[in-house]
Amino acid sequence: MDFKEISLADFTGALASKTSVPGGGGASALVASIGIALGDMVGEFTVGKKKYIDVEPEIIKLMEKAQSLREELLECINADAVAFEPLSKAYAIPKDDPSRQQIMEKCLKDAAGVPFRILQLGCEAIDLQRDFADKGSVIMISDAATGVALLEGAIKGAAINVKINTKSMTDTEYANELNAKVDVLLKEYIEKARAIYTEVANRI
């Protein structure tokens, strides 16, 4: 199933059902794509206005980047489902099977890789939202703040979906390194997202 092509009703219905995919990773990707789409909308209402002619070239570049991020995040919904399916099958391998550990380890790393990418993309989107909030149309700043609030939730969701997989890895060095990268990004970008939201709220 192509999760990025189905209706919102079907997608949320699938999330609510007793199925492994889509799950938290895919949901985080969707929320992040919505968050950056709101930033792109700020740009759309800024371009072409005389008041913002000086920043128009920069806003256009921001919009192009936002569109690219949104598209990649939507692709991550399916990628997350594809990565999880082999892992769900690996859990069913008998524990006395000598190949189980090696298979599990590869599946866990693959399954952690997609939400880590979602986390990275969400962080990039928060940086863009900073510029949309600062330079975009003032009548749209509430949408920039809404977008950044969604992105904060999305990166938290992505992070926890990395860690649920690293927790089961036997390669503890790899797991610890990935967890450390997640923690660094989360600390930096949660602070950034909250600062943007607060600054916008204070301007309203």
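Up top you'll find the structure we're talking about.
Residues numbered from 1 in each chain as written. Predicted model: local features only at pLDDT ≥ 70, side-chain atom pairs only at ≥ 80, totals over all residues. Heavy atoms only, no water.

Looking only at helices and strands, one finds six helices and zero strands in the chain. For the chain, long-range pairs separated by at least 24 residues make up 76% of all intrachain contacts whose partners lie at least 6 apart in sequence. In the form shown here, the chain has an accessible surface area of approximately 10,600 Å², with 57% of it arising from carbon and sulfur atoms. Of the side-chain charges in the chain, 24 are positive and 31 negative, and the distance between the mean point of each set is 3 Å. (Helix = DSSP H or I, 4+ residues; strand = E, 2+ residues; numbered from the N terminus. Contact = heavy atoms within 4.5 Å. Areas by Shrake-Rupley, 256 points an atom, 1.4 Å probe, with all protein chains shown as cover. Lys, Arg positive; Asp, Glu negative; His and termini not counted. Charge placed at Lys NZ, Arg CZ, Asp CG, Glu CD.)

Here the structure, examined in full by the defined rule, presents 18 salt bridges. For K156, the salt bridge identified is with E152, shortest N-O distance 3.1 Å. With K156 and E152 both in helix 5 (residues 141-166) and four residues apart, this pair spans about one turn of that helix. Overlapping salt bridges, with partners in common, bring together K65, E72, R117 and E124 in one network. (Salt bridge = Lys/Arg side-chain N within 4 Å of Asp/Glu carboxyl O.)

Now for the packing of aromatic side chains. Taken as a whole, this structure holds one aromatic pair when the rule is applied. Taking NZ or CZ as reference, K109 lies 4.6 Å from the ring centre of Y174, over its face. (Phe/Tyr/Trp six-rings, centres within 6.5 Å; stacked < 30°, edge-to-face > 60°. Lys NZ or Arg CZ within 6 Å of the ring centre and 35° of its normal.)

Further remarks concern the packing of helix 2 (residues 24-44) against helix 3 (residues 56-90). Viewed as axis vectors pointing N to C, helix 2 and helix 3 meet at an angle of 165 degrees, and their least axial separation amounts to 8 Å. Of the possible angle classes, the one that applies to helix 2 and helix 3 is roughly antiparallel. In terms of crossing hand, the pair formed by helix 2 and helix 3 is left-handed. Seen from helix 2, the contacting residues are G25, G26, A29, L30, A32, S33, I36, A37, D40, G43 and E44; seen from helix 3, they are I59, M63, A66, Q67, R70, L73, L74, C76, I77 and D80. Looking at the contact of helix 2 with helix 3, its residues break down into 12 nonpolar, five polar and four charged. (Axes fitted to C-alpha atoms, helices over the stretch in contact; angles between N-to-C directions. Parallel < 35°, antiparallel > 145°, perpendicular 65-115°, else oblique. Left-handed = near helix turned anticlockwise from the far one by under 90°. Nonpolar A, V, L, I, M, F, W, Y, C, P; charged D, E, K, R; others polar.)

Below, the discussion takes up the nonpolar core. L119, I126 and I155 are the most contacted members of the largest nonpolar core, which has 58 residues in total. For this core, the secondary structure elements donating two or more residues are helix 2, helix 3, helix 4 (100-135), helix 5 and helix 6 (172-203). Broken down by element, this core gets its largest block of residues, 16 residues, from helix 4. Every residue in contact with L119, bar those within four places of it in the chain, is listed here: I155, A158, V182, L185 and L186. (Core = buried A, V, L, I, M, F, W, Y, C linked by side-chain atoms within 4.5 Å. Buried < 20%, exposed > 50% of the residue type's maximum accessible area, 1.4 Å probe, protein only.)

This part covers the packing of helix 3 against helix 4. Two elements in contact, helix 3 and helix 4, have axes whose closest approach is 9 Å; the angle formed by their N-to-C orientations is 160 degrees. Taken together, helix 3 and helix 4 sit at an angle that is classed as roughly antiparallel. Considering the relative orientation of helix 3 and helix 4, their crossing is left-handed. Here the residues of the contact of helix 3 with helix 4 are counted per class, giving 24 nonpolar, no polar and 10 charged.

By secondary structure assignment, the location of N179 is in helix 6. We classify N179 as buried; its relative accessible area is 18%. Setting aside residues up to four positions removed in sequence, N179 forms contacts with K163 and T166.

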